[in-house]
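Chain and residue survey
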Amino acid sequence: MAIEVRRSIEEPARVGKLWEAMERGRANRAATIEKTGLDLPAFRDRVRLIKETAAQDPSIAEAFAEAVRANGGRVFFAATGRQAVQYVLDVCRANGAEFLVKSKSLTSEEVEMNQGLAAEGIRAIETDLGELLCQVAGEKPSHLVFPAIHMTSDRIARMLSEAYGEPIAPEPSSILSVVRARLRPQFLAANVGVTGANIGVAETGSIVVETNEGNGRLVTSVPKVHIALIGLEKIVRRWEDAADLVRGHAISATGQRMTVYVSLISQRQPVAKDPAGREFHVIILDNGRTRMRADPSFREALNCIRCGACMNVCPTYGVTGGHVFGHIYPGPIGIPWTANVHGLEEASFAHLCVSCGLCHEICPVDIDIPWMIAKVKEQDVEAHGQPTAERFFMASEAFAKVACLSAPLANRLLRRASLRVLMEWAVGVDRRRTLPAFAHRTLRSRFQAREGPAGRVGKVAFFPDLYAEYNDPDQGLRAIEILERLGYSVIIPEVQWSGMPYVSYGRLGKASKLAADNLRVLGPLVDDGYDIVSTEPTAVYMLRKVYPKLLEGDLASKVATHSRGFFEFIEPHLAELSLRPSSDVVGLVGFHIPCHDRALSSGLPAMRFLERASYRVRPVETGTCCGIAGTFGMKAGWLGYDLSMAVGEKLFEQFRGSGCDLIATESSVCTLQLQDGLGRPVRHPLDLVRLEGPP
């Protein structure tokens, strides 16, 4: 896989085109949501309920089949992809078809329909432009919605010129003109047309086919036989449900209010008063869906509406593309789908997921994709073992304790090139990555040596995680000083680190044990009136988002409810603080929002904290991860450091052009990434502010 990642990254034209398409998709989606005034949380809840009902209630598919038959259609329940392809073959043979025309259908890609038909001498002609280009190139689609997103106009023109035997200019108009001329006779000559179906509606036995090209309507209307292939999870009970899904598809996939062509098909009607041979077939596909429905870890995957939004925000997909970050189903949601439909061996690209969590935040159906990916990683590690670098980073707390005990000697050694070469060879830590220095005295030891004031407002349990405990205790002490100035009594509980690498690297058993240990400490404190506060966004993310998944129940939920990021916690009291800049440079601060904070507060409280100290603050963002993703970007080579820096390059470019005087972020690891990529110091907001007035 490292070779494939390297090849992908070293194609700048392809990466640039892919990245631009992702940015455009995110921007269009955001603009449409704003223009339409869509209540996104309420809409997500509604669509999720529709999909959960559709995926979990088998009677809906049965009712749909009965209604299709009542309309004169024929229905076949295919348990496997092979059965689905065989049914299409049988229909083609019965109608003397040597070829068929086909509209875009990801489900047909899933069952490898084209290959199965070709093996029996029947050609499937793709009529969607993106699918056609992939077919000519002999490639799989690279995106759920935009199959040929990875191709440049120059490549397309060269490829079609060779395939069609005529020169084609690399302009979209020229390409489209030639393709249209080639496809029109095939539409007219075909006896059989095959489509997917975005939605099936049980109450009338209808299907909904959504396309942005007119080919879908030609495929469904011109041939005398129309075959629709639909996954059983796409069938809903009522038209009201279908209407919400149609809206959700368009907004999330392309940022449109409505897909250009929305075709509602219930039965075949006579053409030119000749009803002879007009057939409508519906194949309802299982192919692992019933098994997924019964698996609590993966049943959420059935809620997917195939919009591709998760791919438009995935940092590593954005530079590798769907042929590396995917099998047939690409991108984040492609990981659980591939593992369950095509097998764990085909889902090895799961380890390209950096656990940033952004796919969950953008999903229009609120699918916890990161959790399902962690489960796939867990299965893969159990089957194939754990790389040395991942084992090392899962021992980060033990390493930090030893480094602190031996600091400053450990810091001098970690700066030596010879030792870094040895570390790269022995444990897989990239020699080029700057590692944080370790403090000789931990935050806990320094905190215990001081006397804090008694609280009059409330009580806070400060969760230091690794960085504030072992690398920068001064940061933790500054946070504690502000909390005490606001009238809080502060303690540092006997907790361990938050343990994100266990989740990132598929060791959910270890993560659950750590979570249980920490919750046993924090639960009684919450009962005693304490709030849990941390300056590390990933620690808060673990407490609020991940621990309740690892250990379901009242204890995890209670602790999650009372856990806050430091700046979020103090924001209501900012007016009580006298804050001044601590830096000689007072000007524009370029602020990077850590991925895990986007699920919490979107960095807004930290930016307001800096503004309170008279800084001008501007978020500098690409819309996705900075690239380091915790310890992922510390691993050696193309499956670590090199990939992380390729992801980060767009962000580095934005910072270089931002004109900012200072750079700030809340995350300790994002700090390392930005410093290595920019060659400039990056500060925590607490480092940029001093507290004035009496204690």
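Structure's up top.
This write-up is about the structure you can find in this document. Because the structure is a prediction, the values reported are computed rather than measured.

**Brief notes about the overall build of the protein chain**
- Counting its regular elements, the protein chain contains 34 helices and 19 strands.
- Projecting the C-alpha coordinates of the protein chain onto the three principal axes gives extents of approximately 95 × 55 × 50 Å.
- Residues classed as buried in the protein chain amount to 60% of the 695 residues present.
- Split by element, the accessible area of the protein chain, about 27,400 Å² in all, is 51% carbon and sulfur.
- The average position of the 80 basic charges and that of the 80 acidic charges among the side chains of the protein chain differ by 2 Å.

**Things to note about the packing of aromatic side chains**
- In total, this model carries 11 aromatic pairs according to the counting rule given.
- The interplanar angle of 80° and the centroid separation of 6.4 Å between the aromatic rings of tyrosine 317 and phenylalanine 325 together place this pair among those described as edge-to-face.
- Judged by its relative accessible area of 0%, phenylalanine 325 is buried.
- By way of ring pairs, the aromatic residues Phe392, Phe393, Phe399 and Phe438 are connected into one cluster.
- Here the guanidinium or amino end of arginine 247 rests over the ring plane of phenylalanine 43, the centre of that ring lying 5.8 Å away.
- Positioned above the aromatic ring of tryptophan 337 is the side chain of arginine 306, whose terminal nitrogen or guanidinium carbon lies 4.2 Å from the ring centre.

**Structural notes on helix α5 (residues 81-94)**
- In a regular helix each residue adds 1.5 Å, so 14 residues correspond to 20 Å; α5 covers 20 Å between its end C-alpha atoms and thus fits that length.
- Residues of α5 that are buried: Gly81, Ala84, Val85, Tyr87, Val88, Leu89, Val91 and Cys92.
- Tucked inside the fold, the buried residues of α5 contact β1 (74-78), β2 (99-102), α7 (113-118), β4 (192-196), β7 (225-231) and β10 (279-285).
- Positive backbone phi, at 65°, marks glycine 96, one or two positions downstream of α5.

**Some details on the sheet that holds strand β5 (residues 199-201)**
- Spatial strand order, β8-β5-β6-β9: 4 strands in an open sheet with mixed pairing. Strands at the two margins of the open sheet, each flanked by one partner only, are β8 (235-236) and β9 (261-265).
- Inspection of the sheet shows β5 paired to β8 by 2 bridges, in the parallel sense. Note on β8: the bridge partner recorded for glycine 200 is isoleucine 235.

**Observations regarding the packing of helix α27 (residues 508-527) against helix α28 (residues 537-550)**
- Relative to each other, α27 and α28 sit at 110°, their axes nearing to 9 Å. On the basis of their axis angle, the class for α27 and α28 is roughly perpendicular. The two elements α27 and α28 meet at a crossing, and its hand is left-handed. The residues of α28 that touch α27, namely those facing Leu508, Ala511, Ser512, Leu514, Ala515, Asn518, Leu519 and Leu522, are Leu543, Tyr547 and Leu550.

**A closer look at a nonpolar patch on the surface**
- On the surface, a nonpolar cluster with roughly 260 Å² of combined accessible area is contributed by Leu188, Leu218 and Val222.
- Mapping leucine 218 onto the fold places it in helix α11 (residues 215-221).

**Regarding the pattern of salt bridges**
- A full pass over the atoms with the stated rule returns 38 salt bridges.
- Ionic pairing is found between glutamate 279 and arginine 74, a salt bridge with its closest N-O pair at 3.8 Å. Taken together, the positions of glutamate 279 in strand β10 and arginine 74 in strand β1 put the pair 205 residues apart, joining distant regions of the chain.
- For glutamate 279, a relative accessible area of 15% gives the class buried.
- Judged by relative accessible area, arginine 74 falls into the partly exposed class, the value being 44%.
- In this structure, arginine 580 engages glutamate 692 in a salt bridge whose closest nitrogen and oxygen atoms are separated by 3.6 Å. Placement of the pair is arginine 580 in strand β15 (residues 579-581) and glutamate 692 in the segment after β19 (689-691), with a sequence separation of 112 residues.
- With relative accessibility at 36%, the residue arginine 580 sits in the partly exposed group.
- Using a relative accessible area of 26% as the deciding quantity, one classes glutamate 692 as partly exposed.
- Taken together, the shared-partner salt bridges connect Glu110, Glu233, Arg289 and Arg306 into one network.

**Observations regarding the environment of tyrosine 164**
- One can find tyrosine 164 in helix α9 (residues 153-164).
- Tyrosine 164 gets classed as buried once you look at its relative accessible area, which sits at 17%.
- With 18 residues separating them along the chain, tyrosine 164 and arginine 182 place their C-alpha atoms 8.9 Å apart.
- Residues contacting tyrosine 164, with those up to four places away along its chain left out, are Leu132, Val178 and Arg182.

What counts as what
- Residues numbered from 1 in each chain as written.
- Predicted model: local features only at pLDDT ≥ 70, side-chain atom pairs only at ≥ 80, totals over all residues.
- Heavy atoms only, no water.
- Helix = DSSP H or I, 4+ residues; strand = E, 2+ residues; numbered from the N terminus.
- Buried < 20%, exposed > 50% of the residue type's maximum accessible area, 1.4 Å probe, protein only.
- Areas by Shrake-Rupley, 256 points an atom, 1.4 Å probe, with all protein chains shown as cover.
- Lys, Arg positive; Asp, Glu negative; His and termini not counted.
- Charge placed at Lys NZ, Arg CZ, Asp CG, Glu CD.
- Phe/Tyr/Trp six-rings, centres within 6.5 Å; stacked < 30°, edge-to-face > 60°.
- Lys NZ or Arg CZ within 6 Å of the ring centre and 35° of its normal.
- Expected span 1.5 Å × (residues − 1).
- Contact = heavy atoms within 4.5 Å.
- Pairing = 2+ DSSP bridges.
- Axes fitted to C-alpha atoms, helices over the stretch in contact; angles between N-to-C directions.
- Parallel < 35°, antiparallel > 145°, perpendicular 65-115°, else oblique.
- Left-handed = near helix turned anticlockwise from the far one by under 90°.
- Patch = residues over 30% accessible without salt bridge, like charges linked within 9 Å, V, L, I, M, F, W, Y side chains within 5 Å.
- Salt bridge = Lys/Arg side-chain N within 4 Å of Asp/Glu carboxyl O.

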